[in-house]
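Each chain, written out:
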Amino acid sequence: MTRHPTSAAAGRPGSAVPGGASAAGFSLVEILVVITLVGLLMGFVVLAVGRHAEAGREADCRARLEALNLMAESYADRTGGYPPCRLDDLGVEGGRAPNEGIEAFTAALRRRDYGGKRPDERWYGNGDGDRADGLAAVDGSDALLELVDPWDNPFVYVTHERYEQPGVVELSSGGGREVVDARVERNPLTGAWHRFDSFQLRSAGADGLLGTEDDLANFELPEPGAAPPRAPSGDGDGGR
Ligand SMILES: [Ca+2]
Ligand SMILES: [Ca+2]
């Protein structure tokens, strides 16, 4: 049998090709390009997952606001008044700033003698860690619980009788924990209070700061930095 010369050596793994790369391997430049692309891709994935999670928390916050708003309306139908924003209105001594508004709201909906719908157990927190003797007789716990948003900050709850003195809340943000004035809002067009005859319920949003763009509430919030509201011209607000 006649044997013919072959060119197998040119096709073997590891044989040299122009440009410094090997036929079966990669040059250093190619490896660096791949590493860079993989890094960029992972960065985009992390960013997308983070945005998705934040959008989920915002939707959760809107759902909590809506549910709590309905529970407060139902409480009013059953008892003749909205949940109070002062603990002494529930016969509990020792209530104090911060967070008393939402603590009273929470205690009212947890009252042993209240037969209406109660908030989801996962929505309770006690960021300021306070307690009140005598509260256990009302709702079964001495801890002054707060209903919290998905970022674990207490909601701000103020009934219309207290809009002029809305109190203070303790919030956690990038700057740590801070006690700040609770915010209630007027309609910038009419100057009258939003929800003038009921209550304002609000979350400080993802940044944990009140009065910023990511705040959420049970009424339409004005744009941050909008012109200050006109002087009140009547009882109606047109912004419920
Ligand atoms: Ca508390
Ligand atoms: Ca905010």
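Refer to the structure above for everything that follows.
What you are looking at is a predicted structure, and each value in this text was computed from that prediction instead of being measured.

(A) Seen up close, the nonpolar core. Membership of the largest hydrophobic core comes to 33 residues, with the highest contact counts inside it found for Phe-105, Phe-155, Val-156, Tyr-157 and Val-158. The set of elements that each furnish at least two residues to this core consists of helix H2 (28–79), helix H3 (100–110), strand S3 (156–159), strand S4 (168–173) and strand S6 (199–203). Element by element, the count of residues in this core is highest for H3, at 6 residues. If near-sequence neighbours (up to four positions away) are discounted, Tyr-157 is found in contact with Cys-85, Gly-101, Ile-102, Phe-105, Phe-199 and Leu-201.

(B) Region of interest: the pairing of strand S5 (residues 176–181). With 0 of 6 residues buried, S5 lies mostly on the surface of the structure. For S4 and S5, the ladder comprises 6 bridges, and the chain directions are antiparallel. Across the sheet, the residue bridging to Leu-171 is Glu-178, located in S5. If you look at the hairpin formed by S4 and S5, you'll find 2 residues sitting between the two strands.

(C) Up close: the environment of Arg-112. Examined against the element boundaries, Arg-112 turns out to sit in the loop between H3 and strand S1 (124–125). Considering only alpha carbons, one finds Arg-112 and Val-138, 26 residues apart in sequence, at a separation of 6.1 Å. Residues contacting Arg-112, with those up to four places away along its chain left out, are Val-138, Asp-139 and Gly-140.

(D) The environment of Tyr-163, seen in detail. Positionally, Tyr-163 belongs in the loop between S3 and S4. A residue is classified by how many C-beta atoms lie within 10 Å of it, and Tyr-163, with 18 of them, is partly exposed. Note: C-alpha distance between Tyr-163 and Phe-196 (33 residues apart in sequence) is 8.8 Å. What Tyr-163 contacts, discounting residues up to four positions off in sequence, is Val-158, Val-184 and Trp-193.

(E) Up close: the sheet that holds S6. Read across the open sheet, the 3 strands follow the order S3-S6-S7; overall the sheet is antiparallel. Here the strands that pair on one side only, and so sit at the sheet edges, are S3 and strand S7 (216–217). Strand direction decides the pairing type here: S3 and S6, joined by 4 bridges, are antiparallel. Bridging across to S6, Val-156 finds its partner in Arg-202.

What counts and how
Within each chain, residue numbers correspond to sequence positions counted from 1 in written order. All chains are assigned letters beginning at A, and all ligands numbers beginning at 1, according to the order in which they are written. pLDDT decides what is reported in this predicted model: residues at 70 or higher carry local features, side-chain atom pairs at 80 or more are listed and counted, and totals for whole chains, interfaces and linings draw on all residues regardless. A set of buried Ala, Val, Leu, Ile, Met, Phe, Trp, Tyr and Cys residues, joined to one another through C-beta atoms within 7 Å, is what we call a nonpolar core. Note on burial: count the other C-beta atoms lying within 10 Å of the residue's C-beta; 20 or more is buried, 12 or fewer is exposed, in between is partly exposed, and C-beta positions come from the backbone. Per the convention used, a helix needs a DSSP run of H or I reaching at least four residues, while a strand needs a run of E reaching at least two, with both numbered from the N terminus. Remark: residues whose backbone-derived C-beta atoms lie within 7 Å of one another are considered to be in contact. DSSP calls a pair of strands paired once it identifies at least 2 bridges connecting them.

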